[in-house]
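Chain and residue survey
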Amino acid sequence: MRLLMAGSPGAGKGTHGRRLGADLGIPHIATGDLLREHVASDTPIGRAAKAYVDRGDYVPDDVMMAIIKDRLSQPDAQKGFILDGYPRTDAQATELDKLLAEQGHAVDAVVLIEVPTEEIVRRLSGRRMCPECQRNYHMDDDPPRDNESCDHDGTKLVTRSDDEPDTVRHRLRVYAERTADLLDHYDNGIVRRVDGTASVDEVTKRIDEALGI
Ligand code: ADP
């Protein structure tokens, strides 16, 4: 299955993409995570991308396309994948179609998680992330057991540099301007709309139902 997770920043693409990947036995590939790994390892891509990510702007398409082409060519992505955070522009969507068509494939479904803006701002301002395993927590909704560190590996949690309120507002504007209409690129028949304002388990149920799994 070749799935795209769509929706605004903070809609829950990462949480649900990760769950779906584990359930379906295919990799969850989040471009934000890939970029943060590049930045943390100080690679040339990381150095080129950091300023854009910190401002909440999109990284240029050619950089993103190179990253995604490389990641989708890895052995674990051959039987399917869940893409989270890609594509975000028309050029990226066209490039992905081309890449998949070359291998005789296409996007099977787009899961759109819908959440109102006020709720998004609340979610992102309480978000903490484990810099080691990339798991997300929310200080009110889903706090870590000891308040400071990751339940999974004990690493001290951080606030993402782009989760500061002004940057969040900027990211939401960029999303509205450049990505919200991207769904028009896909045949309506493969788009699965899911109301994301419920508990994580409830939204998981809705997504599974919408995908018929
Ligand atoms: P969110 O979906 O909450 O914005 P992500 O972790 O998916 O968070 O992405 C963080 C940042 O990484 C984005 O704000 C952007 O700077 C960059 N980024 C991720 N994916 C893309 C993409 N496909 N095109 C351009 N920039 C991207």
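Before reading further, recall that the structure is shown in the block above.
Conventions we followed
- Residues numbered from 1 in each chain as written.
- Predicted model: local features only at pLDDT ≥ 70, side-chain atom pairs only at ≥ 80, totals over all residues.
- Heavy atoms only, no water.
- Helix = DSSP H or I, 4+ residues; strand = E, 2+ residues; numbered from the N terminus.
- Rg over C-alpha atoms; globule rule 2.2 N^0.38 Å.
- Buried < 20%, exposed > 50% of the residue type's maximum accessible area, 1.4 Å probe, protein only.
- Contact = heavy atoms within 4.5 Å.
- Near = heavy atom within 4 Å.
- Polar contact = N/O pair within 3.5 Å; in protein donor to acceptor, adjacent residues only side chain to side chain.
- Areas by Shrake-Rupley, 256 points an atom, 1.4 Å probe, with all protein chains shown as cover.
- Nonpolar A, V, L, I, M, F, W, Y, C, P; charged D, E, K, R; others polar.
- Salt bridge = Lys/Arg side-chain N within 4 Å of Asp/Glu carboxyl O.
- Axes fitted to C-alpha atoms, helices over the stretch in contact; angles between N-to-C directions.
- Parallel < 35°, antiparallel > 145°, perpendicular 65-115°, else oblique.
- 1 Å grid on protein atoms, 1.4 Å probe; cavity = no way out; pocket = protein on both sides within 12 Å on 5 of 7 lines; lining within 4 Å.
- Points joined across faces, edges and corners; volume = space filled by probe spheres on them.
- Pairing = 2+ DSSP bridges.
- Core = buried A, V, L, I, M, F, W, Y, C linked by side-chain atoms within 4.5 Å.
- Expected span 1.5 Å × (residues − 1).

Now for the overall build of the chain. Helix and strand content of the chain: eight helices and seven strands. Relative to the 2.2 N^0.38 estimate, which gives 17 Å for 213 residues, the radius of gyration of the chain is 16 Å and therefore close to what a compact globule would have. Its C-alpha atoms give the chain principal-axis dimensions of about 50 × 40 × 35 Å. Residue burial in the chain is summarised as follows: out of 213 residues, 46% are buried. Sequence-distant contacts, at least 24 apart, represent 68% of the contacts inside the chain between residues at least 6 apart.

With that out of the way, let us pick up the site of the ligand. Every one of the 20 residues lining the ligand counts as a neighbour, but Thr31, Asp57, Gly85, Arg88 and Arg171 are closest to it. Within the contact set of the ligand, an oxygen atom lies 3.3 Å away from a side-chain nitrogen or oxygen of Lys13. The separation between an oxygen atom of the ligand and a polar side-chain atom of Arg88 is 2.6 Å. Contact with the protein chains covers 96% of the free accessible surface of the ligand, which is 540 Å². For the shell around the ligand, the element with the highest residue contribution is helix α2 (residues 31–40), accounting for four residues. Among the residues forming the shell around the ligand, the class breakdown is seven nonpolar, five polar and eight charged.

Side chains that differ in charge, positive against negative, can pair when their charged atoms come close. Overall, the coordinates contain 22 salt bridges when judged by the stated rule. For Asp57, the salt bridge goes to Arg55, with nearest N and O atoms at 2.9 Å. By relative accessible area, Arg55 is classed as partly exposed at 43%. One salt bridge connects Asp163 with Arg171, and the closest N-O pair in it is separated by 2.9 Å. With respect to burial, Asp163 and Arg171 carry one shared label: buried.

What follows covers the packing of α2 against helix α4 (residues 61–72). Where α2 meets α4, the closest approach of the two axes is 11 Å, and the angle between their N-to-C directions is 100°. It follows that α2 is roughly perpendicular to α4 by the angle criterion. Across from Thr31, Leu34, Leu35 and His38 in α2, the residues of α4 making contact are Met64, Ile67, Ile68 and Arg71. Of the residues belonging to the contact of α2 with α4, the class tally is five nonpolar, two polar and one charged.

Quick look at the layout of surface pockets now. Sizing a probe to match a water molecule and rolling it over the atoms shows the empty space that remains. The volume enclosed by the second largest pocket comes to roughly 290 Å³. In terms of lining, the second largest pocket is formed by 15 residues, of which the most central are Arg36, Val39, Met129, Arg160 and Ser161. Broken down by secondary-structure element, the contributors of at least two residues to the lining of the second largest pocket are α2 and α3 (44–55). The biggest single contributor to the lining of the second largest pocket is α2, with four residues. In the lining of the second largest pocket, the residues fall into six nonpolar, three polar and six charged.

The next subject is the pairing of strand β1 (residues 2–6). Counted residue by residue, β1 has five buried out of five residues, so it is predominantly covered. Neither face of β1 is left uncovered, since the one carrying Arg2, Leu4 and Ala6 and the one carrying Leu3 and Met5 both have all their residues buried. Relative to strand β3 (residues 81–84), β1 runs parallel, the two sharing four bridges. In the strand pairing of β3, Arg2 is matched with Phe81.

On to the nonpolar core. Of all hydrophobic cores here, the largest spans 29 residues; its most connected members are Ile29, Leu72, Leu83, Leu96, Val107, Val110 and Tyr186. Of all elements in the fold, only β1, α2, α3, α4, β3, α5 (90–102) and β4 (109–114) reach the threshold of two or more residues within this core. At five residues, the largest contribution of residues to this core is made by α4. When sequence neighbours within four positions are dropped, the list of residues in contact with Val110 reads Leu4, Ala6, Leu183, Tyr186, Ile190, Val191 and Arg192. Membership of the second largest hydrophobic core comes to 18 residues, among which are Ala11, Leu20, Leu124 and Val168.

Let us now look at helix α1 (residues 13–24). Helix length check: α1 (12 residues) gives 16 Å between terminal C-alpha atoms against 16 Å at 1.5 Å per residue, within 8%. Looking only at α1, the buried set comprises Lys13, Gly14, His16, Gly17, Leu20 and Gly21. Among the residues trailing α1, Gly25 stands out with phi positive, at a value near 70°.

Purely geometric numbers; function is a separate question.
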